[in-house]
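# Summary of the model geometry
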Amino acid sequence: MGRATQSKSDQIIYLKNRFKLLSQVVSALDAETADREDLENVLAMMGNLEVKIRRFRDDWKDGLIKK
């Protein structure tokens, strides 16, 4: 499986962009129109982000990523 990025700097940029996207999605939720599916989508985004963070962490620990 290929890696999304090959350096710590690129990985941090990737994470920042993903967090911004997640923040925008949550900010766009409206109490009047939001439904269960919207919350499921937010949870899925968070889960995907967690997987990516863990992968980056493990890559850093194993020395697989250049600075």
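This text follows the structure it describes.
Residues numbered from 1 in each chain as written. Predicted model: local features only at pLDDT ≥ 70, side-chain atom pairs only at ≥ 80, totals over all residues. Heavy atoms only, no water.

Take a nonpolar patch on the surface next. Taken together, Val26, Leu29 and Leu39 make up a surface patch of nonpolar side chains, about 230 Å² in accessible area. Looking at where Val26 falls in the secondary structure, it is placed in helix H1 (residues 8-28). On the accessibility criterion, Val26 (39% relative accessible area) is partly exposed. (Patch = residues over 30% accessible without salt bridge, like charges linked within 9 Å, V, L, I, M, F, W, Y side chains within 5 Å. Areas by Shrake-Rupley, 256 points an atom, 1.4 Å probe, with all protein chains shown as cover. Salt bridge = Lys/Arg side-chain N within 4 Å of Asp/Glu carboxyl O. Helix = DSSP H or I, 4+ residues; strand = E, 2+ residues; numbered from the N terminus. Buried < 20%, exposed > 50% of the residue type's maximum accessible area, 1.4 Å probe, protein only.)

What follows is about H1. Given a rise of 1.5 Å per residue, 21 residues ought to cover 30 Å, and the 30 Å separating the end C-alpha atoms of H1 matches this to within 8%. For H1, the secondary structure elements touched by its buried residues are helix H2 (36-62). (Expected span 1.5 Å × (residues − 1). Contact = heavy atoms within 4.5 Å.)

Taking 1.5 Å of rise per residue, 27 residues should cover 39 Å, and H2 covers 39 Å from first to last C-alpha, within 8% of that figure. Taken residue by residue, H2 has Val42, Met45, Leu49, Lys52, Phe56 and Asp59 as its buried positions. The inward-facing, buried residues of H2 contact H1. The first or second residue beyond H2 is Gly63, which carries a positive phi of 70°.

Moving on to the pattern of salt bridges. Side chains carrying opposite charge are able to pair once their charged atoms draw close together. If you walk through the whole model with that rule in mind, you get three salt bridges. Here Glu40 and Arg36 are joined by a salt bridge, their closest N and O atoms 3.5 Å apart. In this pair, Glu40 and Arg36 both sit in helix H2, four residues apart, roughly one turn of the helix. Across the salt bridge formed by Arg57 and Asp58, the nearest N and O atoms sit 3.2 Å from each other.

Attention now goes to the nonpolar core. Judged by nonpolar contacts, Leu15, Leu22, Val42, Met45, Leu49 and Phe56 together constitute the single largest core of six residues. For this core, the secondary structure elements donating two or more residues are H1 and H2. A total of four residues in this core trace back to one element, the largest contributor, which is H2. The contacts of Leu15, once residues within four sequence positions are left out, are Leu49, Ile53 and Phe56. (Core = buried A, V, L, I, M, F, W, Y, C linked by side-chain atoms within 4.5 Å.)

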